[in-house]
Amino acid sequence: MNILIISGSPRNNASSLNVARYIEKQLINSTDAHVDVFDLNTCSLEFWSDQADVDDAAKKLINKADGYVFVVPEWHGMVPPAFKNLFHYFNGLFSHKPAYIIGVSSGTGGRYPITELRSTTYKNSFINYIPVSTVLDKVDETINKNGEYIAESDHMAQRIDDGLQYLLEYTQALFSVRESNIFNEKRFKNGM
Ligand SMILES: Cc1cc2nc3c(=O)[nH]c(=O)nc-3n(C[C@H](O)[C@H](O)[C@H](O)COP(=O)(O)O)c2cc1C
């Protein structure tokens, strides 16, 4: 099983990447799944147009994954455009695979990325967001630059562990779902 964690911030020294590193360690310690981290800061994808070059390394990672963790910061109450850009390039690669969303904020935000992804990215991609998602606010007081959990309360650690366990179960379950005949049906390629 391959899990891909995407750090959805294109910024240098992003808190989202610290969270991605923490999650990577949690997964490596709790499962034998293969885990990769994809950092949008080091990815050279220009904004999609029909002349844009596809980044083959990014394509390979997204295609290989059986399940995803999206660590997405709240920027101006939105998902960063660089993250949404992934869906313009790689829509079909997410098809019928599960994803666990973690909305990140240095303040008290973090909810908007969750609702935005759930409402705007599923239709043509057929991505399968699991019902559990997590708001990680005051992120820098919770996870430090080394990807270590530093909050006094283990409340958020428990929430994230639960989310990851759900993701692993859905990832396992959706293998057989994707083998079903209905997934060869191409009549309604762009959803409803
Ligand atoms: C352009 C920009 C806009 C932001 N807008 C918001 C916001 O609307 N709500 C919020 O809670 N935090 C906002 N923040 C702060 C982020 O929560 C903070 O940068 C946090 O560390 C997550 O982003 P990062 O992964 O890029 O570090 C914003 C940050 C940037 C760079």
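Above this note sits the structure.
Since we're looking at a predicted model, the values are computed, not measured.

Caption draft 1: Main features of the overall build of the protein chain. The helix and strand inventory of the protein chain stands at five helices and six strands. Helices (α) and strands (β) of the protein chain occur, in sequence order from the N terminus, as β-α-β-α-β-α-β-α-β-β-α. For the protein chain, whose C-alpha radius of gyration is 16 Å, the value lies close to the compact-globule estimate of 16 Å for 192 residues. Expressed as a percentage of the 192 residues in the protein chain, the buried residues total 47%. Considering only residue pairs separated by 6 or more positions, the protein chain has 79% of its internal contacts joining residues 24 or more positions apart. Of the roughly 10300 Å² that the protein chain leaves accessible, carbon and sulfur atoms contribute 48%. Where the 18 positive side-chain charges of the protein chain centre and where its 23 negative ones centre are 6 Å apart.

Caption draft 2: A look at the packing of helix 1 (residues 15-30) against helix 5 (residues 155-178). Between helix 1 and helix 5, whose axes approach to 11 Å, the crossing angle comes to 60 degrees. Between helix 1 and helix 5, the angle falls in the class oblique. Here helix 1 runs over helix 5; the crossing is right-handed. Here Tyr-22, Ile-23, Gln-26, Leu-27 and Ser-30 of helix 1 come into contact with helix 5, specifically with Ala-157, Ile-160, Asp-161, Leu-164, Gln-165 and Leu-168. When the residues that make up the contact of helix 1 with helix 5 are grouped by side-chain class, the tally is seven nonpolar, three polar and one charged.

Caption draft 3: Highlighting the site of the ligand. In the neighbourhood of the ligand, 14 residues make up the surrounding shell, with Ser-9, Arg-11, Ser-16, His-76 and Ser-105 lying closest. Interatomic distance of 2.7 Å between a backbone N/O atom of His-76 and a nitrogen atom of the ligand. If the ligand stood free it would expose 600 Å²; the protein chains cover 75% of that surface. Taken together, the residues that form the shell around the ligand break down as four nonpolar, eight polar and two charged.

Caption draft 4: Just the nonpolar core, in detail. Ranked by internal contacts, the top residues of the largest apolar core, which has 28 residues, are Phe-38, Ile-62, Phe-70, Phe-83, Leu-86 and Phe-90. For this core, the elements supplying multiple residues, two or more each, are strand 1 (2-7), helix 2 (56-64), strand 3 (67-73), helix 3 (81-90), strand 4 (98-104) and helix 4 (112-120). Sorting elements by how many residues they give to this core places helix 3 first, with six residues. Non-local contacts of Ile-62, meaning those with residues more than four positions away in its chain, are made with Leu-4, Phe-38, Tyr-68, Leu-86, Phe-90, Leu-93, Phe-94 and Lys-97. Grouped together as the second largest cluster of nonpolar side chains are 26 residues, Ile-5, Tyr-22, Tyr-100 and Ile-102 included.

Calculation rules
- Residues numbered from 1 in each chain as written.
- Predicted model: local features only at pLDDT ≥ 70, side-chain atom pairs only at ≥ 80, totals over all residues.
- Heavy atoms only, no water.
- Helix = DSSP H or I, 4+ residues; strand = E, 2+ residues; numbered from the N terminus.
- Rg over C-alpha atoms; globule rule 2.2 N^0.38 Å.
- Buried < 20%, exposed > 50% of the residue type's maximum accessible area, 1.4 Å probe, protein only.
- Contact = heavy atoms within 4.5 Å.
- Areas by Shrake-Rupley, 256 points an atom, 1.4 Å probe, with all protein chains shown as cover.
- Lys, Arg positive; Asp, Glu negative; His and termini not counted.
- Charge placed at Lys NZ, Arg CZ, Asp CG, Glu CD.
- Axes fitted to C-alpha atoms, helices over the stretch in contact; angles between N-to-C directions.
- Parallel < 35°, antiparallel > 145°, perpendicular 65-115°, else oblique.
- Left-handed = near helix turned anticlockwise from the far one by under 90°.
- Nonpolar A, V, L, I, M, F, W, Y, C, P; charged D, E, K, R; others polar.
- Near = heavy atom within 4 Å.
- Polar contact = N/O pair within 3.5 Å; in protein donor to acceptor, adjacent residues only side chain to side chain.
- Core = buried A, V, L, I, M, F, W, Y, C linked by side-chain atoms within 4.5 Å.

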